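# Observations on the model geometry
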Amino acid sequence: MIVCRSASEIEKLARVNALVARVLKELAAAVKPGVTTAQLDELAEQRLRKAGAEPAFKGYHGYPATICASVNEQVVHGIPSGRALVEGDIVSIDMGAKLGGFYGDSAVTVPVGRVTPEAERLLKVTKEALDRAVATVRAGARVSDIGAAVQSFVEAQGFSVVREFVGHGIGTALHEEPQIPNYGTAGRGPRLAEGMTLAIEPMVNAGKPAVKVLGDGWTAVTKDKGLSAHFEHTVVVTEDGCRVLTLPDVAAEVDGPSTSSGPSRAESRDGRTASAAG
Ligand code: MF3
Ligand code: CO
């Protein structure tokens, strides 16, 4: 069953997802040559706990950290370590949090200093794939419209889409129904309805789509050792589009002292609402 959230539940989801977005933005800004992924993880956990939230990944099926930090050919679920980032790397930072009984989840891929033109293009294409996926979301659309938008765009750009990991519903659990593949044919699968909350997360490889999991039981890498990128937003389905809950520019406002009044009505004007039209 896919749950539709009430207005008050959506505000709780907005709050935790805004926190995730704000912390993720701070982590992205902290990325530079010499910084270790363990340092990023420590900063993330500090920030979440200071805000009264808990890391969502830590302890999830035994996962040991607050963030996933996946460098270069690592696709997802890279475990933070003493590895220092070096100029030219790309690092995908994925973070989930729990606050007030609800979950938030978002990911970004960040360049470390100057990166190759191919890496730059991979980040741009993966981010745009997420934006195009989000733009398909509205009440009445189908789950597979999301993956179809990702796959057709990514493959037209000469890159490939990872099949082994998918997006998901999110709410009072980190992973809820439905599963949201990043590939497939439009017009299939469950219909989206107002109030469904979805974590949409394309993973895009510069080379072939195949991945394997390393001996640590977590880190997924590309089999061909090509670069991989990952962007993720949590959104709530609305009648004519969706509201992206993981935008950093609204995070301070939603997480600030006036939370009780909920989000301002300016949300569709300042771009927080994505419309399927056009
Ligand atoms: N965003 C990823 C997902 O939703 C990260 C999960 S990491 C895990 O699957 F540690 F929680 F598994
Ligand atoms: Co997710």
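Along each chain, the written sequence defines residue order, and numbers are assigned to residues from 1. Chains carry letters from A onward and ligands carry numbers from 1 onward, assigned in written order. Only residues with pLDDT of at least 70 get local features here, since the model is predicted, and only at 80 or more are side-chain atom pairs given and counted; chain-wide, interface and lining totals rely on the full set of residues.

This next bit is on the overall build of the protein chain. Helix and strand definitions follow DSSP, with helices as H or I runs of at least four residues and strands as E runs of at least two, each counted in order from the N terminus. Broken down by element type, the protein chain carries five helices and 16 strands. Backbone-placed C-beta atoms define the burial measure: a residue is buried with 20 or more other C-beta atoms within 10 Å of its own, exposed with 12 or fewer, and partly exposed in between. Going through the 278 residues of the protein chain one by one, you find that 50% of them count as buried. Two residues qualify as a contact pair if the distance between their C-beta atoms, derived from the backbone, is within 7 Å. The long-range share in the protein chain, meaning contacts at least 24 apart out of those at least 6 apart in sequence, stands at 73%.

Quick look at the site of ligand 1 now. Placing the C-beta atom from the backbone, one calls a residue near a molecule or strand if that atom lies within 6 Å of it. The environment of ligand 1 is formed by F57, Y60, Y63, C68, H77, D94, D105, A107, H168, A199, E201 and E232. Polar here means any residue other than Ala, Val, Leu, Ile, Met, Phe, Trp, Tyr, Cys and Pro, which are nonpolar, and Asp, Glu, Lys and Arg, which are charged; Gly is therefore polar. Of the residues contributing to the shell around ligand 1, the split by class is six nonpolar, two polar and four charged.

A few words now on the sheet that holds strand β12 (residues 220-222). At least two DSSP bridges between two strands are needed for those strands to be called paired. The three strands lie next to each other as β3-β12-β11, forming an open sheet whose pairing is antiparallel. The open sheet has two edge strands with one neighbour each: β3 (74-76) and β11 (211-213). Strand-to-strand twist across the sheet, computed as the mean angle between neighbouring axes with direction ignored, equals 40°. Looking at chain direction, β3 and β12 are connected through two bridges and run antiparallel. Helix axes use the C-alpha atoms of the stretch in contact, all axes being lines fitted to C-alpha atoms, and the angles between their N-to-C directions lie in the range 0 to 180 degrees.

Further remarks concern the environment of R188. For R188, the location among the structural elements is in the loop between β8 (176-180) and β9 (197-200). Spatially, the C-alpha atoms of R188 and A148 are 9.8 Å apart, while their sequence positions differ by 40 residues.

All right, on to unusual backbone geometry then. Trans peptide bonds make up most of the peptide bonds, and negative phi angles are found at most residues other than glycine. At the junction of E177 and P178, the peptide bond is cis and its omega measures out at 0° in the coordinates. Tracing the chain through its elements places P178 in strand β8. Phi at H61 takes a positive value of approximately 50°, unusual for a residue other than glycine. For H77, which is not glycine, the phi dihedral falls at a positive 65°. Within the secondary structure layout, H77 lies in the loop between β3 and β4 (90-99). Of the residues examined, H77 has 23 C-beta atoms within 10 Å and is grouped as buried.

The subject of this paragraph is the sheet that holds strand β10 (residues 203-205). The antiparallel open sheet is built from three strands, whose spatial order is β6-β10-β13. In this open sheet, the two strands that pair with only one neighbour each are β6 (160-161) and β13 (228-230). Relative to β13, β10 runs antiparallel, the two being bridged by three bridges. Looking across to β13, one finds that N205 is bridged to S228.

We now examine the pairing of β9. Side chains T197 and A199 project from β9 onto one buried face, and the interleaved L198 and I200 project onto a second face that is buried too. In this sheet, strand β14 (residues 233-237) lies alongside β9 in antiparallel orientation, the contact comprising four bridges. Paired with L198 across the bridge in β14 is V235.

Confidence per residue, as judged by the predictor, is encoded in pLDDT with a range of 0 to 100. Overall, the predicted model of the protein chain reaches an average pLDDT of 92, with 89% of residues at or above 70. Segment residues 251-278: pLDDT under 50, and 43 contacts once partners within four positions in sequence are set aside and those in other chains are kept.

Further remarks concern the packing of helix α3 (residues 117-135) against helix α4 (residues 143-156). Between α3 and α4, whose axes approach to 8 Å, the crossing angle comes to 150°. Taken together, the axes of α3 and α4 are roughly antiparallel relative to one another. With respect to the hand of their crossing, α3 and α4 are arranged in right-handed fashion. Here α3 contributes V125, E128, A129, R132 and A133 to the contact with α4, which in turn contributes I146, A149, V150, F153 and V154. Among the residues making up the contact of α3 with α4, the classes are represented as eight nonpolar, no polar and two charged. Any angle that is under 35 degrees is reported as roughly parallel, and any over 145 degrees as roughly antiparallel; angles of 65 to 115 degrees are reported as roughly perpendicular and all others as oblique. We call a crossing left-handed when the near helix sits turned anticlockwise from the far one by less than a right angle, and right-handed when that turn is clockwise.

Moving on, we come to the nonpolar core. Joined through C-beta atoms within 7 Å, a set of buried Ala, Val, Leu, Ile, Met, Phe, Trp, Tyr and Cys residues constitutes a nonpolar core. Formed by 80 residues in total, the largest nonpolar core has its most connected members in V16, V91, I93, A97, L122 and V204. The element contributing the most residues to this core is helix α1 (residues 7-30), with 11 residues. When sequence neighbours within four positions are dropped, the list of residues in contact with I93 reads L24, L27, A28, L40, I67, A69, A107, V108 and V110.

Along the chain, the position of Q39 falls in helix α2 (residues 37-50). Judged by local crowding, Q39 falls into the partly exposed class, with 17 C-beta atoms found within 10 Å. Along the backbone, Q39 and G82 are 43 residues apart, and their C-alpha atoms lie at a distance of 8.0 Å.

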